[in-house]
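Residue strings, one per chain:
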Amino acid sequence: MSSLFDILGPVMVGPSSSHTAGAVRIGLITRKLLQEEIVFADIGFYGSFAATYHGHGTDRAIVAGLLGMQTDDERIPYSLNIAKDNGLKIYFSTIEHLQNAHPNTAVVTVQGKSGRRIVVQASSIGGGRIMVNKIDGIEVNFNAEMPTLIVHNFDEPGHVAMVTNLLFKNNINIATMQLYRNERGGYAVMVLEIDDGINQALIKEIEKFKGVLKVTYVNQEADNGI
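These figures come from a predicted structure and were not determined experimentally. (Residues numbered from 1 in each chain as written. Predicted model: local features only at pLDDT ≥ 70, side-chain atom pairs only at ≥ 80, totals over all residues. Heavy atoms only, no water.)

Draft legend 1. Representation of unusual backbone geometry. One non-glycine residue, Asp 136, adopts positive backbone phi at about 50°. Although it is not a glycine, Asn 171 sits at a positive phi angle of roughly 60°. Mapped onto the secondary structure, Asn 171 falls in the loop between helix 6 (159-169) and strand 8 (174-181). Given a relative accessible area of 72%, Asn 171 falls into the exposed group. (Helix = DSSP H or I, 4+ residues; strand = E, 2+ residues; numbered from the N terminus. Buried < 20%, exposed > 50% of the residue type's maximum accessible area, 1.4 Å probe, protein only.)

Structural data, given as C-alpha cells:
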C-alpha cells in the first residue's frame, strides 16, 4: 500500500523529493548521529547524485541538513552561504565506484567542535525518504523513521543482553533490532528501532557499560536540534 506521502511527496523547498528533500534528511541524520555542531564536512556524491547535484541543489540540501534545517526551511537555497558565515568548511566530490549502492547515494564525513568524527553513507530512496547504509564503514541499513538507538561496541558476549535488559526494565519496547560487525571480536554496531523515545539518562547509562564505545540516538519526531 502507498501512503499519502508516497503520492503527494513531502513538504519541502526544492525541485525534487529525492535530490533535495531526501538530501536534506541525509544531512540532518548525519548531524544527529554526530551529536554536536559540525565544523568540517566532506561530501561525496555517487550515481545520479553525482551527475545532477548542482542543478538539483543536492549540495545545498545536504548542507542545509548539516546545519539543522528541515525540508521546508526557506533558507535551504542559501545554505552554502550560511555555512560559510558559520565557519563550516565544506568539500564536495564525486564517487565513481561504490559497491552495491543506490543511485542516489552520498558519503558524508563530518567533524565536530570536539574533534569527534563520523562517516555516514546514506541513500535517498524516493518521496523524501532515506536509508542509512553504513556508519563508519559498518553496514547498518535503517531509515530512522522510528526512534533509533545505535550502540557501537566491541564484539564481545553480553552487550546485547545488557542493552535489551535495560530497555525492558524501563518498559521500552523494541520494534526491530539489527546486529553488525566488521569481524569476529572486532567492531560491532547494534541498531534498535523502538516504539517510543528514550531519555538522555538511559543513553548515558548505556554509555557506561563495559565495552561500549559510543551511543548515538536519532528521533525524527523530536525537536529540530542536535
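The rest of the description comes next.
Draft legend 2. Here's a closer look at the confidence of the model for the chain. Mean pLDDT over the chain stands at 87; residues scoring 70 or higher make up 88%. Below pLDDT 50 for its whole length, residues 1-15 participates in 25 contacts with residues either more than four positions away or in separate chains. (pLDDT = per-residue confidence, 0-100. Contact = heavy atoms within 4.5 Å.)

Draft legend 3. How the structure looks around the environment of Gly 126. Mapped onto the secondary structure, Gly 126 falls in strand 4 (residues 117-126). Measuring from C-alpha to C-alpha, the distance between Gly 126 and Ala 21 comes to 9.3 Å, with 105 residues separating the pair along the chain.

Draft legend 4. Region of interest: the sheet that holds strand 5 (residues 129-135). Taking strand neighbours across the sheet as the criterion, the 6 strands line up as 2-1-3-4-5-6 in an open arrangement whose pairing is mixed. Two strands bound the open sheet, and with one partner strand each, they are strand 2 (89-95) and strand 6 (138-142). Within this sheet the neighbouring strands show an average axis-to-axis angle of 20°, counted without direction. With 9 bridges joining them, strand 1 (residues 38-47) and strand 3 (residues 104-112) adopt antiparallel strand pairing. Residue Phe 40 lies in a different strand from strand 3, and its bridge partner there is Gln 111. Each of strand 1, strand 2 and strand 3 touches helix 4 (residues 58-66); the most contacted strand, strand 1, lies at about 145° to it. (Pairing = 2+ DSSP bridges. Axes fitted to C-alpha atoms, helices over the stretch in contact; angles between N-to-C directions.)

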